2 protein chains.
Amino acid sequence: MTPSEFRALGHRVVDWIADYQERIETFPVLSRNRPGDLLGALPASPPEKGVGAGGGWDAILEDLDRLILPGITHWQAPGFFAYFPCNASGPAILGELLSAGLGIQGMLWATGPAATELETRMLEWLAQLIGLPSAFEGCIQGTASESTLVAMLAARHRAGEGDLVAYASEQAHSSVQKAANIAGIDLRLVPVRPDLSMDPAALDAMIAEDRARGRRPFFVCATVGTTSSTAIDPLPPLPPDLWLHVDAAYAGAACVCPEFRWMIEGVDRADSFCMNPHKWLLTSFDCSAFWTRDKKSLTGALSVTPEYLKTAHAGQVIDYRDWQIPLGRRFRALKLWFVIRHYGAEGLRAHIRRHVELAKRFESWVREDGRFELCAERTLALVCFRRRGSDDENKALLERVNASGRAYLSHTVLPGKGYTLRMAIGAPATEERHVRAAWDLLRA
Amino acid sequence: MTPSEFRALGHRVVDWIADYQERIETFPVLSRNRPGDLLGALPASPPEKGVGAGGGWDAILEDLDRLILPGITHWQAPGFFAYFPCNASGPAILGELLSAGLGIQGMLWATGPAATELETRMLEWLAQLIGLPSAFEGCIQGTASESTLVAMLAARHRAGEGDLVAYASEQAHSSVQKAANIAGIDLRLVPVRPDLSMDPAALDAMIAEDRARGRRPFFVCATVGTTSSTAIDPLPPLPPDLWLHVDAAYAGAACVCPEFRWMIEGVDRADSFCMNPHKWLLTSFDCSAFWTRDKKSLTGALSVTPEYLKTAHAGQVIDYRDWQIPLGRRFRALKLWFVIRHYGAEGLRAHIRRHVELAKRFESWVREDGRFELCAERTLALVCFRRRGSDDENKALLERVNASGRAYLSHTVLPGKGYTLRMAIGAPATEERHVRAAWDLLRA
């Protein structure tokens with residue numbers, strides 16, 4: 001595809017996206033596709049001849065509307081309340097576009113000096129924005145799952161030999177268990193208090209018990225903002241041989257507002273910290289920000305250097321490949337740069353506060369309606385609630401609302417509360433009228 | 001950013017990329033930045049006020065030229081010969097743009113039915129294109145590092161308890177060692193034959209030796225196209241309790257041409273297979289294609305399902321989160337769809353053959369010049385060679401060529417050959433005149 005063909009098609013695709021943004025409310029939020037609908041509509045074999053850059057692209061762009069759109073669950077729709085958000089934004093989309101257009105691979109400083117240094121600076125900016133101490137050095141990981149895994153590997157590297165034990169609360173994200181499974185490490189789940197946060201006394205007792213048995217406690221994952229209910233684990237003082245990782249994948253974004261920084265009180269004691277700008281900070285997936293105060297253990301765990309990856313500046317520069325599971329890296333700092341410059345600290349704070357305000361309103365409506373009950377304390381923009389009645393009635397309610405196409409919620413099961421509906425407000429396009437419409441739908 | 005603001009800025013960014021493509025030959029291939037050049041030019045703190053969608057974007061786009069471009073090592077430049085290629089292409093860039101524009105996250109079938117089913121079909125297409133048997137089921141991973149890791153985890157899951165041992169050749173990619181380190185598994189490196197491919201007799205002997213010691217051999221990684229020299233490991237018949245993973249990250253793309261399928265002779269015996277369309281198949285990074293014949297072991301190793309990830313269709317559909325390390329997923333099948341439809345099987349074969357032909361020509365020039373020698377057999381589009389003389393002379397030669405800005409090569413060290421220059425031809429824009437210019441530069 002020549003530059004001029006790319007230019008013409010690029011304009012058409014940009015227009016398609018702008019049109020999509022304009023008509024996003026017209027689609028059912030949750031796709032109505034049944035399993036196999038798209039698969040059955042696609043040729044079983046690849047074409048022998050390509051369409052080239054001529055009229056063949058008309059068919060491709062038509063297929064977007066005909067085949068792809070019906071199979072899209074619209075994460076950016078204002079009626080998307082199902083999962084923690086996965087914010088796209090104009091500046092971030094432009095950043096992804098440029099990253100793809102430059103087509104570089106920044107595994108080493110030398111293979112992308114600008115990618116490396118822009119990333120270093122963006123993680124510094126982000127740390128300042130959320131109030132993280134300057135001792136933390138950061139990089140972009142793909143997802144919080146990978147951030148948790150690399151934290152655990154760095155901790156294992158520092159701990160050395162022994163019968164290692166890791167800890168996280170019973171309400172920690174499944175990715176903590178998955179990381180432990182991958183690394184082959186034993187993870188023990190710590191009981192929670194009534195507010196669903198990790199019980200520090202129970203953690204202390206488990207650590208003491210394991211030590212008494214000759215085991216080596218080495219890693220604690222504290223969750224700031226659990227997936228089920230946004231519970232906030234305390235960041236406890238730990239013995240120095242334990243690595244404290246803070247998983248603030250969702251809630252960390254809210255720390256751009258000083259009034260929410262109480263959630264990470266004690267973070268200066270943490271060894272590593274993760275929050276996902278791709279969730280609630282307008283930076284399209286994937287972009288998980290990961291920081292550590294112990295870079296040496298991180299790179300000690302993850303650096304393997306064959307001859308063909310040796311470069312002249314090694315040692316004086318950051319080679320981010322040594323901070324992550326993969327070798328290769330996209331130029332993801334561009335989208336973060338665009339987002340922060342476009343919105344500024346002010347704009348990011350306004351974005352968070354707007355959603356929290358909407359969630360407060362939704363919460364008050366639930367509280368005022370005797371047919372419903374709140375299931376957990378609201379911390380940010382997630383409201384956990386249920387209809388008074390059986391789990392099955394709630395399940396049926398959720399299915400009816402989601403089948404309407406006008407809103408999409410998800411569920412969890414909370415200890416002592418049973419089947420719970422999750423109303424997670426966070427799409428950039430969501431306004432009060434959308435939240436109100438979802439509530440009216442639930443009541444109807 | 002409103003849709004109409006996005007539309008206007010999107011057109012400008014598309015134009016910027018098209019202009020970049022047109023002037024890519026004017027930049028030094030390897031960035032001339034010194035460490036800290038960009039870092040020092042960026043503000044230490046984020047802006048309080050955003051620029052919004054007004055004239056502020058003029059400054060951002062100017063900064064691309066002023067700050068970012070000097071720090072770019074141009075992977076898409078026709079003079080880029082340093083590493084295995086990282087092909088971008090118009091269709092793939094448009095796919096990334098659309099993926100960002102839709103902004104969905106396809107962790108579960110329900111959260112992106114089209115993303116899931118398009119990916120299933122694209123991996124079927126790709127399997128047909130490279131001649132992989134239909135028993136293989138595939139998905140997109142980020143990188144070959146992750147493909148190797150998930151293969152190893154699936155194999156461990158199937159093997160169960162015991163003192164597990166994995167094997168790969170001494171010439172295997174560093175990511176195999178890294179995957180073993182992550183999983184906490186012992187990896188033994190198998191000696192190579194004179195052509196730098198894994199010695200099957202040595203592998204058999206090591207397996208027998210380990211069994212005799214009561215250990216459990218469970219995993220063999222065969223490399224089809226090593227990074228240092230494109231050596232091709234044989235795909236040996238293995239006892240059924242060993243998992244055979246084939247890492248064809250680079251060379252697998254060449255299997256779109258029937259004349260190169262000898263390299264994967266015996267692949268029907270493999271348990272998993274990886275090749276990276278983002279290397280040499282015109283599909284922008286990241287896109288690593290991974291297939292397995294034992295999906296059950298893969299998902300057995302990687303599935304952790306909390307309540308909040310349970311959906312109605314579980315069991316009847318594919319939830320690709322269970323095939324990979326991360327939970328979240330971008331809609332990467334779009335770019336693969338665009339690439340295959342744009343180029344067709346014919347176009348992809350032509351792309352590969354053109355680069356192999358150029359490499360042959362370069363190889364013949366090296367052979368004819370008494371001052372140089374070839375260091376390994378050329379298999380595809382990588383030529384390993386050196387100037388007759390000391391390692392230091394070769395190191396100096398490489399540095400001078402790379403400092404010229406007109407070509408960028410890399411190096412390795414080959415057993416018995418010492419410091420070796422790697423000329424890896426594979427950028428879509430590379431033509432014979434660029435290869436010739438690099439050769440003239442090397443000779444001069």
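Residues numbered from 1 in each chain as written. Chains lettered and ligands numbered in written order. Predicted model: local features only at pLDDT ≥ 70, side-chain atom pairs only at ≥ 80, totals over all residues. Heavy atoms only, no water.

Focus on the overall build of chain A
Stated formally: Strands here are runs of E lasting at least two residues and helices are runs of H or I lasting at least four, both read from the DSSP assignment and numbered beginning at the N terminus. Two things to know: the radius of gyration comes from C-alpha atoms, and the globule rule equals 2.2 Å times the number of residues to the power 0.38. Under the scheme applied here, a residue whose accessible area is under 20% of the maximum for its type counts as buried, over 50% as exposed, and between as partly exposed, the area being computed with a 1.4 Å probe on protein chains only. Whether two residues touch is decided by their heavy atoms; if any such pair falls within 4.5 Å, the residues are in contact. All accessibility values rest on the Shrake-Rupley procedure with a 1.4 Å probe; residue burial counts only the protein chains present in the view. Think of it this way: Lys and Arg go in the positive column, Asp and Glu in the negative one, and His and the chain ends go nowhere. To locate a charge, take atom NZ for lysine, CZ for arginine, CG for aspartate or CD for glutamate.
When helices and strands are tallied, chain A shows 13 helices and eleven strands. The C-alpha atoms of chain A give 23 Å as radius of gyration, which agrees with the globular expectation for 444 residues (22 Å, within 12%). Principal axes of the C-alpha set define a box for chain A whose edges measure 70 × 70 × 45 Å. By residue count, 66% of the 444 residues in chain A fall in the buried class. For chain A, restricting intrachain contacts to residue pairs at least 6 apart in sequence, the fraction spanning at least 24 positions comes to 73%. If you sum the accessible surface of chain A, you get close to 14,200 Å²; carbon and sulfur atoms cover 50% of it. Side-chain charges in chain A split into 49 positive and 52 negative, and the spacing between the mean points of these groups amounts to 2 Å.

Quick look at the confidence of the model for chain A
Just so we agree on the cut-off: Confidence of the predictor in every single residue is expressed as pLDDT, which spans 0 to 100.
Summarising the model, chain A shows a mean pLDDT of 97, and 100% of its residues fall at 70 or more. In the predicted assembly, ipTM is 0.97 and pTM is 0.98.

Describing the domain arrangement of chain A
The condition that has to hold: Either an automatic procedure or a domain database provided the assignment from which the domain bounds are taken.
Parsing chain A into structural domains produces domain 1 (3-72) and domain 2 (95-339). With centres defined by C-alpha atoms, the gap from domain 1 of chain A to domain 2 of chain A works out at 36 Å.

Observations concerning the state of the cysteines
All names here are of chain B. Filter applied, for reference: Put simply, a disulfide is two cysteine sulfurs that come within 2.5 Å.
Enumeration according to the criterion identifies zero disulfides over all chains in this entry. Free cysteine: C139, not disulfide-bonded; nearest cysteine sulfur from C274 at 10 Å. A relative accessible area of 0% places C139 in the buried class.

Concerning the relation of the copies chain A and chain B
One copy of the chain maps onto the other through a rotation about an axis followed by a shift along the same axis. This is how it is decided: Residues reaching a pLDDT of at least 70 in both copies supply the C-alpha atoms on which the copies are superposed by least squares.
By a simple turn and slide, chain A fits onto chain B: the slide is 0.0 Å along the axis, the RMSD is 0.0 Å, and the turn is 180 degrees. Accordingly, the operation relating the two chain copies is best matched by a two-fold axis. Relative to the rotation axis, the closest C-alpha in chain A is found at A183 of chain A, a distance of 2.2 Å. Both copies contact each other with a shared surface, as 100% of the interface residues of chain A are interface residues in chain B too.

Examining the packing of helix α1 (residues 3-23) of chain A against helix α4 (residues 90-102) of chain B
Quick note on the threshold: Whenever a helix is involved, its axis is fitted only over the stretch in contact; in every case the axis is a line through C-alpha atoms, and angles between N-to-C directions fall within 0 to 180 degrees. An angle below 35 degrees is read as roughly parallel, one above 145 as roughly antiparallel, one from 65 to 115 as roughly perpendicular, and any other as oblique. The crossing is said to be left-handed when, going from far helix to near helix, the turn is anticlockwise and less than a right angle, and right-handed when the turn is clockwise.
Running from N to C, α1 of chain A and α4 of chain B point in directions that differ by 10 degrees, and their axes come no closer than 10 Å. Judged by the inter-axis angle, α1 of chain A sits roughly parallel to α4 of chain B. Between α1 of chain A and α4 of chain B the crossing geometry is right-handed. For the pair α1 of chain A and α4 of chain B, the contacting residues are F6, L9, G10, V13, V14, W16, I17 and Y20 of chain A in the first and G90, I93, L94, L97, L98, G101 and L102 of chain B in the second.

So, the environment of A168 of chain A
All names here are of chain A. Checked against the element boundaries, A168 lands in strand β2 (residues 164-169). Look at A168 and you get buried, because its relative accessible area is 0%. Once residues within four sequence positions are removed from consideration, A168 is found in contact with V176, L187, R188, L189, V190, M198 and C221.

Looking at the environment of N33 of chain A
Structurally, N33 of chain A is set in the loop between α1 and α2 (37-41). Put simply, N33 of chain A and G184 of chain A are 151 residues apart on the chain and 38 Å apart in space, counted from C-alpha to C-alpha.

Focus on the sheet that holds strand β6 (residues 272-275) of chain B
Residue and element names in this part refer to chain B. Convention followed: By the convention used here, strands pair only if DSSP detects at least 2 bridges between them.
The strand order across the open sheet formed by seven strands is β1-β7-β6-β5-β4-β2-β3, and the pairing between neighbours is mixed. Taken across any chain shown, the strands that pair with only one partner, and hence form the sheet edges, are β1 (137-141) and β3 (186-190). Across the sheet, the axes of successive neighbouring strands diverge by a mean angle of 20 degrees, strand direction being ignored. Here strand β5 (residues 243-247) runs beside β6; their pairing, made up of three bridges, is parallel.

Quick look at the interface of chain A and chain B
Note the following rule: Computed with a 1.4 Å rolling probe, the buried area is the accessible surface lost when two parts are put together, summed over both parts. When a carboxyl oxygen of Asp or Glu lies within 4 Å of a side-chain nitrogen of Lys or Arg, that pair is called a salt bridge.
Contact residues are listed per partner, giving 138 residues for chain A and 138 residues for chain B. For the chain A face of the interface with chain B, the top three residues by lost area are F6, Y308 and R341 of chain A, together amounting to 7%. Put simply, chain A and chain B have 14 salt bridges between them. For D63 of chain B, the salt bridge goes to R341 of chain A, with nearest N and O atoms at 2.8 Å.

A closer look at the sheet that holds strand β7 (residues 288-292) of chain A
All names here are of chain A. The strand order across the open sheet formed by seven strands is β1-β7-β6-β5-β4-β2-β3, and the pairing between neighbours is mixed. Edge positions in the sheet fall to β1 (137-141) and β3 (186-190), since each has one partner strand and no second. The average angle at which neighbouring strand axes cross in this sheet is 20 degrees, direction not considered. In terms of strand pairing, β2 meets β3 through five bridges, oriented parallel. From the neighbouring strand, V165 faces β3, where its bridge partner is D186.

Things to note about unusual backbone geometry
Residues and elements named next belong to chain A. Note that the residue after F285, namely D286, is joined by a cis bond; omega there is 5 degrees. Located in the positive-phi region is L196, a residue other than glycine, with phi close to 70 degrees. Following the sequence through the fold, L196 ends up in the loop between β3 and α8 (200-212). In this model, T230 sits at a positive phi of 60 degrees, which is unusual for a non-glycine residue. By the element assignment, T230 lies in the loop between β4 (216-223) and β5 (243-247).

Concerning the packing of aromatic side chains
Residues and elements named next belong to chain A. Inclusion rule: Any two rings among Phe, Tyr and Trp, with Trp reduced to its six-membered ring, count as a pair given centres within 6.5 Å; such a pair is stacked if its planes are under 30 degrees apart, edge-to-face if over 60, and tilted if neither. In this scheme, the term charge over a ring applies when either NZ of a lysine or CZ of an arginine sits within 6 Å of the ring centre and within 35 degrees of the ring normal.
One pass over the structure, following the stated rule, counts 36 aromatic pairs over all chains. Plain terms: the ring middles of W16 and Y20 are 5.8 Å apart, the flat faces sit at 10 degrees to each other, and that makes the pair stacked. Remark: Y20 and W16 occur in helix α1; sequence separation between them is four residues, near one turn of the helix. In this structure Y20 comes out as buried when scored by relative accessible area, which is 1%. Plain terms: the ring middles of F372 and F385 are 6.2 Å apart, the flat faces sit at 50 degrees to each other, and that makes the pair tilted. Of this pair, F372 sits in strand β8 (residues 372-374) while F385 sits in strand β9 (residues 382-387); the two residues are 13 residues apart in sequence, bridging distant segments of the chain. The residues F372 and F385 share a single accessibility class, namely buried. A connected cluster of aromatic rings, assembled from ring pairs, spans F362, W365, F372, F385 and W439. A cation sits over an aromatic face here: R422 above F84, 5.0 Å from the ring centre.

A short note on the pairing of β4 of chain A
Residue and element names in this part refer to chain A. In terms of burial, β4 is a largely internal element, seven of the eight residues being buried. Looking at chain direction, β4 and β5 are connected through five bridges and run parallel. The partner of F219 across the bridge, within β5, is W243.

Regarding the pattern of salt bridges
Oppositely charged side chains may form a pair once their charged atoms are brought near each other. Counted according to the given criterion, the structure contains 84 salt bridges over all chains. The shortest N-O distance in the salt bridge between E137 of chain B and K295 of chain B comes to 3.2 Å. Of the two residues, E137 of chain B sits in strand β1 while K295 of chain B sits in helix α10 (residues 295-302), which places them 158 residues apart along the sequence. The class of E137 of chain B is partly exposed, set by a relative accessible area of 34%. Between R353 of chain B and E259 of chain B there is a salt bridge whose closest N-O contact spans 2.6 Å. Taken together, the residues span a long stretch of sequence, with R353 of chain B in helix α11 (residues 333-368) and E259 of chain B in the loop between β5 and β6 at a distance of 94 residues. Residue R353 of chain B is classed as partly exposed on the basis of its relative accessible area of 36%. One continuous salt-bridge network, built from bridges that share partners, spans E96, D286, R330, R332 and K335 of chain A together with E96, D286, R330, R332 and K335 of chain B.

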